[in-house]
Amino acid sequence: MTVGIFRALAALAMMTALAGCIDHANDPVLLAVGVPVNPPVVAHGLCMTDGNAMYDEARKQYQLRAQLTGYAGADELEAETTARAAAHRQYVACLSGQGYRTLYAN
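What you are looking at is a predicted structure, and each value in this text was computed from that prediction instead of being measured.

What follows covers the nonpolar core. Inside soluble globular proteins, nonpolar side chains tend to come together where they are buried. Leu30, Ala43, Cys47, Tyr91, Cys94, Leu95 and Tyr100 form the largest nonpolar core, which has 7 residues in total. Elements represented by at least two residues in this core include exactly α2 (40-69) and α3 (76-98). A per-element tally of this core places α3 first, with 3 residues. Ignoring anything within four residues of it in the chain, the contact list for Leu95 reads Leu30, Ala43, His44, Cys47, Tyr100 and Thr102.

Moving on to the side chain of Gln98. Tracing the sequence through the fold places Gln98 in helix α3. Ignoring sequence-local partners within four residues, the contact set of Gln98 consists of Pro36, Val37, Asn38, Ala43, Leu46 and Cys47.

Here we take up a nonpolar patch on the surface. Together, Ile5, Phe6, Leu9, Leu12 and Met15 line one region of the surface with nonpolar side chains, adding up to about 550 Å² of accessible area. Within the secondary structure, Phe6 sits in helix α1 (residues 2-19).

Time to look at the pattern of salt bridges. Side chains that differ in charge, positive against negative, can pair when their charged atoms come close. Overall, the coordinates contain 4 salt bridges when judged by the stated rule. A salt bridge links Lys60 to Glu57; its shortest N-O distance comes to 3.8 Å. Here Glu57 and Lys60 lie together in helix α2, a separation of 3 residues that amounts to about one turn. One salt bridge in this structure joins Arg84 and Glu80, with 3.5 Å as the shortest N-O distance. With Arg84 and Glu80 both in helix α3 and 4 residues apart, the pair spans about one turn of that helix. What makes Arg84 exposed here is its relative accessible area of 57%. Through salt bridges with shared partners, a single ionic network connects Arg59, Glu76, Glu80 and Arg84.

Next up on the list: α3. For α3, which comprises 23 residues, the first-to-last C-alpha distance of 33 Å matches the rise-based estimate of 33 Å (1.5 Å per residue) to within 8%. Ala79, Ala83, Ala86, Ala87, Tyr91, Cys94, Leu95 and Gln98 are the residues of α3 that are buried. Of the surrounding elements, those touching the buried residues of α3 are β1 (29-32), α2 and β2 (100-103). The N-cap residue of α3 is Asp75: its side-chain oxygen and the backbone nitrogen of Leu77 are 3.4 Å apart. Immediately downstream of α3, the backbone of Gly99 shows phi near 100°, a positive value.

It is worth spelling out the side chain of Thr102 at this point. Residue placement: Thr102 occurs in strand β2. Excluding residues that lie within four positions of it along the chain, Thr102 makes contacts with Pro28, Val29, Leu30, Tyr91, Val92 and Leu95.

Cut-offs applied
Residues numbered from 1 in each chain as written. Predicted model: local features only at pLDDT ≥ 70, side-chain atom pairs only at ≥ 80, totals over all residues. Heavy atoms only, no water. Core = buried A, V, L, I, M, F, W, Y, C linked by side-chain atoms within 4.5 Å. Buried < 20%, exposed > 50% of the residue type's maximum accessible area, 1.4 Å probe, protein only. Helix = DSSP H or I, 4+ residues; strand = E, 2+ residues; numbered from the N terminus. Contact = heavy atoms within 4.5 Å. Patch = residues over 30% accessible without salt bridge, like charges linked within 9 Å, V, L, I, M, F, W, Y side chains within 5 Å. Areas by Shrake-Rupley, 256 points an atom, 1.4 Å probe, with all protein chains shown as cover. Salt bridge = Lys/Arg side-chain N within 4 Å of Asp/Glu carboxyl O. Expected span 1.5 Å × (residues − 1). Polar contact = N/O pair within 3.5 Å; in protein donor to acceptor, adjacent residues only side chain to side chain.

Structure representation (structure tokens):
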């Protein structure tokens, strides 16, 4: 019984130590502009979901356009660039709708 408790405490201590190793260097800082509707953590989660959905949709639309125009060798780099740009625009638009402005460290 006590061995199980010590194992659980050791696992919890390891998870806590590893959680400190997560790199958040490239995450944006959300600056409140006006009166934000949601806290920054909630707004970031909502807008990341919107951005991910836009990424998937932009990739799908790129492939459909490539098929319709007969462009057999669809450029993967261009598809990735287009999808990432669309996802970023959606993320920024969503955050501004939530009452935040994004500031990046770099």
